[in-house]
Amino acid sequence: MKIEFYRHSLTEKDIQNVADVLRSVFLTTGPVTAVFEEKFSQFAGLKQTVALASCTAGIQLSLLALDIGPGDEVITTPMTFIATATAILHTGAKPVFVDIEPDTGLIDPNLVESAVTPRTKAIMPVHLYGTMADMRCLRTIADRHGLFIIEDSAHCVEGERDGVRPGHLSDVACFSFYATKNLTCGEGGAVATDNETLAGKIRTLRQHGMSKEAADRYHGNYQHWDMVELGWKCNMDDIHAALLTDQMDRLESLWKRREELDTLYRVALRDVRGLSIPSIVGRSAYHLLTIQVPSDLRDDMLREMGNRGIGVAVNYRSIHTLSWFRKHLSPKPEAFPKSLRFGEQTLSLPFYPLMADEDVERVARAVKDIISSWHSNS
Ligand SMILES: *Cc1c(COP(=O)(O)O)cnc(C)c1O
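The structure displayed is predicted, hence computed values, not measured ones.

1. Some details on the overall build of the protein chain
Scanning the protein chain from terminus to terminus reveals 13 helices and nine strands. Rg of the C-alpha trace for the protein chain: 21 Å, near the compact-globule value of 21 Å for 378 residues, within the 12% margin. For the protein chain, with 378 residues in total, the buried portion stands at 53%. Within the protein chain, contacts between residues at least 6 apart in sequence are counted, and of these 72% link residues at least 24 apart. Summed over its atoms, the accessible surface of the protein chain is roughly 16400 Å², and 52% of this surface lies on carbon and sulfur atoms. For the protein chain, the centre of its 41 positive side-chain charges and the centre of its 49 negative side-chain charges are spaced 3 Å apart.

Written out as structure tokens, the structure is:
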């Protein structure tokens, strides 16, 4: 039996909710999206949520709404998915990478300040695997230099660190509901913030810069709309939102199961020679379970796990090593040695609430088998 890398936890009720939307008049951004936004704000403890087509759109619109663009720099981490940096690039601003803490894989706040220049406008931490970056420290640096903070919280809906949750010490936090994320509708995202002016701007930017959204235009008699900004098209529709509304009520129980699985993995894989698991600080959202193995053997393990019918992935190879970044930003591979190394050693294991305890045992046994075959060959 194959153990998939990821399986969603959508229910028949979620599917029914989508069917209900499909049988209704309104398909695009409307009442169901509004219900989801309200539930998400409640959960996040923030005033406003704006639901979008993706987290990438959320990052890009947040930057645009904060007037960040050509000539500006945004400090971020190379240990992330490419979208963190491509969203910055699409505004015309430049991503400036700083290296990571090797034990957590998170942006090293001690390196952020020396990367600040007169062009720096914002810091964009990534809450890798669900553990939050050190927001208190980043907030202090941001205040000292008058910088915005935009959180790439794609991995972290449920996290908390030092009493801080996503969006609570920043201007805005961006979330992803992509197919493999903790909360999913296939493709989707949102931004959440306490800044109502900023939320309003992002709400306008998500829909062509129009003064009224479809739901307002068709509510009651026809009303004229105006174009007040040069906007984009990345609103979430009610079909997708219908997958999220009931899921919000299950967030906590799904999180609890991932916490159990995380513990099972850490117990099963402790004291394995040549293997470590990144540390968690505070309350993790438990998005991914990754291990670190010797870089010269990592690809061998990817192959061997595949051969055993166990889904694995790499999150991530340090993005400064990818062709486009090498060509256009010309970073030296050794410029971020910790991220480079972390990315060469990392491997993600199956990790989702539907996994049985025995699945974790089987995955852990395969990992240990493969590692012991290395030792007996050397
Ligand atoms: C998934 C992900 C994104 C992009 O999310 P989309 O919703 O697919 O746009 C951005 N950053 C990180 C760290 C991610 O894992």
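2. What to know about the site of the ligand
Close to the ligand lie 16 residues; Thr56, Asp152, His155, Ser176 and Lys181 are nearest. Between the ligand and Thr56 there is a distance of 2.4 Å, counted from an oxygen atom to a side-chain nitrogen or oxygen. When the free accessible area of the ligand is taken as 380 Å², the share hidden by the protein chains comes to 94%. Elements represented by at least two residues in the shell around the ligand include exactly helix H3 (55–65) and helix H4 (83–90). Of the residues belonging to the shell around the ligand, the class tally is seven nonpolar, seven polar and two charged.

3. Details of the environment of Ala214
With respect to the secondary-structure elements, Ala214 resides in helix H8 (residues 214–217). Classification of Ala214 as buried rests on a relative accessible area of 9%. Along the backbone, Ala214 and Thr29 are 185 residues apart, and their C-alpha atoms lie at a distance of 7.0 Å.

4. Looking at the packing of helix H9 (residues 238–268) against helix H13 (residues 357–377)
Between H9 and H13, the least distance of the axes is 10 Å, while the angle of their chain directions is 30 degrees. Where H9 crosses over H13, the handedness of that crossing is right-handed. Residues Arg257, Leu261, Leu264, Tyr265 and Ala268 of H9 form the contact with H13, whose participating residues are Asp357, Val360, Val363, Ala364 and Lys368. Taken together, the residues of the contact of H9 with H13 break down into seven nonpolar, no polar and three charged.

5. A word on the pairing of strand S9 (residues 346–349)
Burial along S9 is two-sided: the face carrying Thr346 and Ser348 and the face carrying Leu347 and Leu349 are both buried. Where strand S8 (residues 289–292) lies against S9, four bridges are found, and the strand directions are antiparallel. Among the inter-strand pairings, Ile291 is bridged to a residue of S9, identified as Leu347.

6. A short note on the environment of Ala366
You can see Ala366 is positioned in helix H13. Taking the relative accessible area as the measure of exposure, Ala366 reaches 6% and is therefore buried. The sequence separation of Ala366 and Arg266 amounts to 100 residues, and the corresponding C-alpha distance is 15 Å. If sequence neighbours within four positions are ignored, Ala366 has contacts with Met305, Arg308 and Ile310.

7. Thoughts on the packing of aromatic side chains
Scanning all chains against the criterion turns up 11 aromatic pairs. A ring pair is formed by Phe36 and Phe40, whose centres lie 5.7 Å apart and whose planes are at 50 degrees; its orientation type is tilted. On the criterion of helical spacing, the pair formed by Phe36 and Phe40 is a turn pair, its members being four residues apart in helix H2 (residues 31–44). A single burial state applies to Phe36 and to Phe40, both of which are buried. With 5.7 Å between their ring centres and 45 degrees between their planes, Trp255 and Tyr286 make a pair best called tilted.

8. Observations regarding the pattern of salt bridges
Scanning all chains against the criterion turns up 20 salt bridges. A salt bridge links Arg144 to Glu113, with the shortest nitrogen-to-oxygen separation between them at 2.7 Å. You can see Arg144 sitting in helix H6 (residues 135–145) and its partner Glu113 sitting in the loop between helix H5 (109–112) and strand S4 (120–124), a full 31 residues away along the chain. Among the charged side chains, a salt-bridge network with shared partners connects Glu37, Arg203 and Arg206.

9. As for unusual backbone geometry
Residue Tyr316 is reached from Asn315 by a cis peptide bond, and omega for that bond is 5 degrees. When you line up the elements, Tyr316 lands in the loop between helix H10 (295–307) and helix H11 (323–329). Positive phi values are uncommon outside glycine, yet Tyr129 reaches one of about 65 degrees. Exposure remark for Tyr129: the relative accessible area of 5% places this residue in the buried category. One non-glycine residue, Tyr286, adopts positive backbone phi at about 50 degrees. Judged by relative accessible area, Tyr286 falls into the buried class, the value being 10%.

10. Details of the sheet that holds strand S7 (residues 189–193)
Pairing is mixed in the open sheet, where seven strands are placed in the order S1-S7-S6-S5-S4-S2-S3. Whereas interior strands pair on both sides, the edge strands pair on one side only; in this sheet they are strand S1 (48–52) and strand S3 (94–97). The average angle at which neighbouring strand axes cross in this sheet is 25 degrees, direction not considered. Judged from the two bridges that link them, S4 and strand S5 (residues 148–152) form a sheet pairing that is parallel. Bridge assignment links Ile123 to a residue of S5, and that residue is Ile149. The strands touched by H3 within the sheet are S1, strand S2 (73–76), S4, S5, strand S6 (172–176) and S7, with S6 carrying the most contacts at an inclination of about 160 degrees. Against the sheet, helix H7 (residues 196–205) engages S1, S6 and S7, with an angle of about 20 degrees to S1.

The rules behind these values
- The residue numbering used here restarts from 1 in each chain and proceeds along that chain's sequence as written.
- For a predicted model such as this one, the threshold for reporting local features is a pLDDT of at least 70, and the threshold for listing and counting side-chain atom pairs is 80 or more; totals across whole chains, interfaces and linings nevertheless cover every residue.
- As a convention, hydrogens and water are excluded, and side-chain values are obtained from all of the structure's heavy atoms.
- Counting from the N terminus, the helices are DSSP H or I runs at least four residues long and the strands are E runs at least two residues long.
- Only the C-alpha atoms count toward the radius of gyration. The rule for a globule is 2.2 Å times the residue count to the power 0.38.
- Residue exposure (1.4 Å probe, protein chains only): buried if accessible area is under 20% of the type maximum, exposed if over 50%, otherwise partly exposed.
- By definition in these notes, contact holds between two residues if any of their heavy atoms fall within 4.5 Å.
- Reported accessibility uses the Shrake-Rupley method at a 1.4 Å probe radius. Residues are deemed covered only where the shown protein chains occlude them.
- The charge count treats Lys and Arg as positive and Asp and Glu as negative. His and the chain ends do not count.
- For charged residues, the charge sits on one atom: NZ in Lys, CZ in Arg, CG in Asp, CD in Glu.
- Near is defined per residue: the residue qualifies when any heavy atom it owns lies within 4 Å of the molecule or strand.
- Side-chain atoms alone can form a polar contact between residues adjacent in sequence; in general such a contact is a pair of N or O atoms within 3.5 Å, and within protein one must be able to donate a hydrogen while the other accepts it.
- Note that Gly is not counted as nonpolar here; it falls among the polar residues with everything else outside the nonpolar set of Ala, Val, Leu, Ile, Met, Phe, Trp, Tyr, Cys and Pro and the charged set of Asp, Glu, Lys and Arg.
- Axes here refer to lines fitted to C-alpha atoms; in helices the fit is confined to the stretch in contact. Angles between the N-to-C directions go from 0 to 180 degrees.
- Crossing handedness is defined as follows: a turn of the near helix away from the far one that is anticlockwise and smaller than a right angle gives a left-handed crossing, while the clockwise case is right-handed.
- Think of it this way: DSSP has to see at least two bridges between two strands before they count as a pair.
- Geometry of aromatic contacts follows a simple scheme: Phe, Tyr and Trp rings, the Trp one being its six-membered ring, pair when their centres are within 6.5 Å, and the pair is stacked under 30 degrees between planes, edge-to-face over 60, tilted otherwise.
- The salt bridge definition used is simple: a Lys or Arg side-chain nitrogen within 4 Å of an Asp or Glu carboxyl oxygen.

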